[in-house]
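Each chain, written out:
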Amino acid sequence: MSTDDQALGPHDDAFSVHIARLEGASRSELRRRALAAPFHGVRITRGASNAFRDIDDPYERQRLCRVERARIYAVRLHSGHFFSHTTAASIWGAPLPLEFSDTGGIAEYAELPLHVSASGHVPFPRAAGITGHRTLSSMTAVQEHRGLRVTSPSATWASLGTLSVPNLVALGDYFCRVWRAGHGRRDEGRPPLANVTQLRSAMEAGRRRGAARLRAALDLIRTDAWSPRESLVRCILIDAGLPEPRLNFDVCVGGRFIACVDMAYPAQRVAIEYLGMLHGERWAADVERLAALRAAGWTVIEVTAPLLRSPETLVRRVAAALRH
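So, a few notes on the structure that sits alongside this text. Residue numbers restart at each chain and count upward from 1, following the sequence in its written direction. pLDDT decides what is reported in this predicted model: residues at 70 or higher carry local features, side-chain atom pairs at 80 or more are listed and counted, and totals for whole chains, interfaces and linings draw on all residues regardless. Side-chain measures were taken over the full set of non-hydrogen atoms in the model, leaving aside hydrogen atoms and water.

**Regarding the packing of aromatic side chains**
To pair, rings of Phe, Tyr and Trp, with the six-membered ring standing in for Trp, must have centres within 6.5 Å; the planes then decide the type, stacked if under 30 degrees apart, edge-to-face if over 60, and tilted in the middle. Summed over the entire model, instances satisfying the criterion amount to four aromatic pairs. Judged by centre distance (5.1 Å) and plane angle (75°), the ring pair of F39 and Y73 falls under edge-to-face. Note that F39 is positioned in the loop between β2 (35-36) and β3 (42-45) and Y73 in helix α3 (residues 58-73), a separation of 34 residues in sequence. Relative accessible area decides the class of each residue, using a 1.4 Å probe on protein chains only: under 20% of the type maximum gives buried, over 50% gives exposed, and in between gives partly exposed. Assessed through its relative accessible area of 3%, F39 is described here as buried. Geometrically, the ring pair formed by F249 and W298 is tilted, given 6.4 Å between the ring centres and 35° between the ring planes. Taken as a pair, F249 in strand β9 (residues 246-253) and W298 in the loop between α10 (280-295) and β12 (299-303) lie far apart in primary sequence, 49 residues in all. One exposure class covers both F249 and W298, and it is buried. Of the aromatic side chains, those joined through ring pairs into one cluster are F39, Y73 and F83. The rule for a charge over a ring is simple: NZ of Lys or CZ of Arg within 6 Å of the ring centre, and within 35 degrees of the ring normal. For the cation-ring pair, R190 lies above W179, with the distance from its terminal atom to the ring centre recorded as 4.4 Å. The numbering of helices and of strands both runs from the N terminus, where a helix is a DSSP run of H or I of at least 4 residues and a strand a run of E of at least 2.

Okay, here's the thing in structure tokens:
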């Protein structure tokens, strides 16, 4: 489920205690067992939140949990406050690295920080369960995105300099993606959320944490990357001194479309494909697609999660393929 697939805005089952009291609700009504208190001053019907526990992909599960918590807190969000940092990135649908709990497990729901910011002389965000920030108005821009007040894509990217360079590249690739025409490509002509010039301007608007990492990432951001894992593979190859591959390259033989590959070295007929969690028809379609590429004389390097954890092995395989 993506941000575009779900209705955002404040959560339908959450409400502000302050507003409820003004409308005549008693203290005892607000304390009844059917209601939970996820944040001070907020009530929600028990069982109405945390609907994403069964999602297999931990990255998407964390993203949706951040969005869900923001929607719940939105019912008491101060008029001068807005969602920022990783919370804003998740609201925009952007990819982030996994966060882990203090015990080393994958962080779940309330273990994920909810970031709320204020700019200028607006009161500092203070509430149990949120991580508050203050920023200069000149260093951020705030937009409404599907009913929630968030930092703009470029301001969100510039606020996350604590991330590694590859993760900043993946985030920038997502925000700057240009939705070009091509065989089977969806959303042709959809405007990008930001561009590299806007990211640079946001970074240079003031002192940023991780400024050196942000600057390094800027030069590596591309407009035709489709997934964070593709971005990470590209960063590994470039960092190792290998040539930069073409992204999402359409392979045609005799004028007939064969496949769109994640990364390609067309002159050497080398394709690199990241294989995530594949199921059923998707798995069968990928098997046939890669077989067609090999039959057309291409060398296909399949990148899995275990291979990605061994970048030296990945680099050796790609380098060997390019030599042949």
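**A closer look at the sheet that holds β12**
The strands making up a sheet are joined through hydrogen bonds of the backbone, oriented either antiparallel or parallel. Two strands form a pair only when DSSP identifies at least two bridges running between them. Pairing in this open sheet of four strands is mixed, and the strands run β9-β10-β11-β12 from one edge to the other. Each end of this open sheet is capped by a strand with a single partner; those strands are β9 and β12. Each strand of the sheet is rotated relative to its neighbour by a mean of 45°, with strand direction disregarded. Bridge count between strand β11 (residues 270-274) and β12: five bridges; the pairing is parallel. Opposite V270, over in β12, you have T299 as the bridge partner. Working rule for contacts: check all heavy atoms of both residues, and any pair within 4.5 Å makes them a contact. Axes here mean lines fitted to C-alpha atoms, for a helix over just the part in contact, with angles spanning 0 to 180 degrees between N-to-C directions. Contacting β9, β10 (256-265), β11 and β12, helix α9 (residues 228-239) crosses the sheet at an angle of about 55° to β10. Packed on one face of the sheet, helix α12 (residues 311-323) meets β10, β11 and β12 and runs near 175° to β12.

**Describing the pattern of salt bridges**
We define a salt bridge as a side-chain nitrogen of Lys or Arg found within 4 Å of a carboxyl oxygen belonging to Asp or Glu. All chains considered together, the criterion is met by 12 salt bridges. With a shortest N-O distance of 3.4 Å, D224 and R185 are connected by a salt bridge. Separated by 39 residues along the polypeptide, D224 in the loop between α8 (211-218) and α9 and R185 in the loop between α6 (165-176) and α7 (196-203) bring together distant segments of the chain. Grouping residues by exposure puts D224 and R185 together as buried. Measuring nitrogen to oxygen at the nearest pair gives 3.1 Å for the salt bridge that ties R289 to D286. Of this pair, R289 and D286 both sit in helix α10, three residues apart, roughly one helical turn.

**Here we look at α12**
Any helix carries an expected span of 1.5 Å times its number of residues minus one. Taking 1.5 Å of rise per residue, 13 residues should cover 18 Å, and α12 covers 18 Å from first to last C-alpha, within 8% of that figure. Burial in α12 covers these residues: L314, V315, V318, A319, A321 and L322. Buried residues along α12 cover an arc of 160° about the axis, so they all sit on one side. Exposed side of α12, more than 90 degrees from the buried face: E312, R316 and R323 are the residues found there. Lining the buried residues of α12 we find α9, β10, β11, β12 and α11 (305-308). The arc in question is the one traced by the directions running from the helix axis out to the C-beta atoms.

**Here we look at the sheet that holds β3**
Pairing is antiparallel across the open sheet formed by three strands, whose spatial order is β1-β3-β2. This sheet does not close on itself; its edge strands, each paired only once, are β1 (14-16) and β2. Two elements, β2 and β3, share two bridges in a ladder whose sense is antiparallel. In the sheet register, L35 faces β3, and the bridge partner there is T45.

**Description of the nonpolar core**
Nonpolar cores are built from buried Ala, Val, Leu, Ile, Met, Phe, Trp, Tyr and Cys residues. Side-chain atoms within 4.5 Å join them into one set. Ranked by internal contacts, the top residues of the largest apolar core, which has 50 residues, are Y73, F83, I91, L114, W157 and L171. With six residues, α3 is the largest single contributor of residues to this core. The contact partners of W157, leaving out residues within four places of it in the chain, are L168, L171, G172, F175, L199, M203, L214, A217, L218 and I221.

**A closer look at the layout of surface pockets**
Taken as a whole, the second largest pocket spans an internal volume of roughly 570 Å³. A pocket, in this scheme, is an open set of points on a 1 Å grid over the protein atoms alone with protein on both sides within 12 Å along at least 5 of 7 lines, while a cavity is a set where a 1.4 Å probe fits but cannot get out; residues line either one if an atom lies within 4 Å of a point. Every residue lining the second largest pocket is counted, 27 residues in all, and those nearest its centre are H85, H133, S159, L160 and R209. Elements represented by at least two residues in the lining of the second largest pocket include exactly α4 (85-91), β5 (114-119), β6 (130-135) and α5 (153-158). Here the lining of the second largest pocket takes three residues from β6, the largest share from any one element. Here the residues of the lining of the second largest pocket sort into nine nonpolar, 12 polar and six charged. Grid points are joined across faces, edges and corners, and a volume is the space filled by probe spheres set on the points. Only Asp, Glu, Lys and Arg are considered charged in this grouping, and only Ala, Val, Leu, Ile, Met, Phe, Trp, Tyr, Cys and Pro are considered nonpolar; every other residue, Gly among them, is considered polar.

**With respect to α6**
Taking 1.5 Å per residue as the helical rise, α6 with its 12 residues ought to reach 16 Å, and the 16 Å between its terminal C-alpha atoms agrees with that figure. Structurally, α6 contributes buried residues whose contacts are with α4, α5, α7, α8 and α9.

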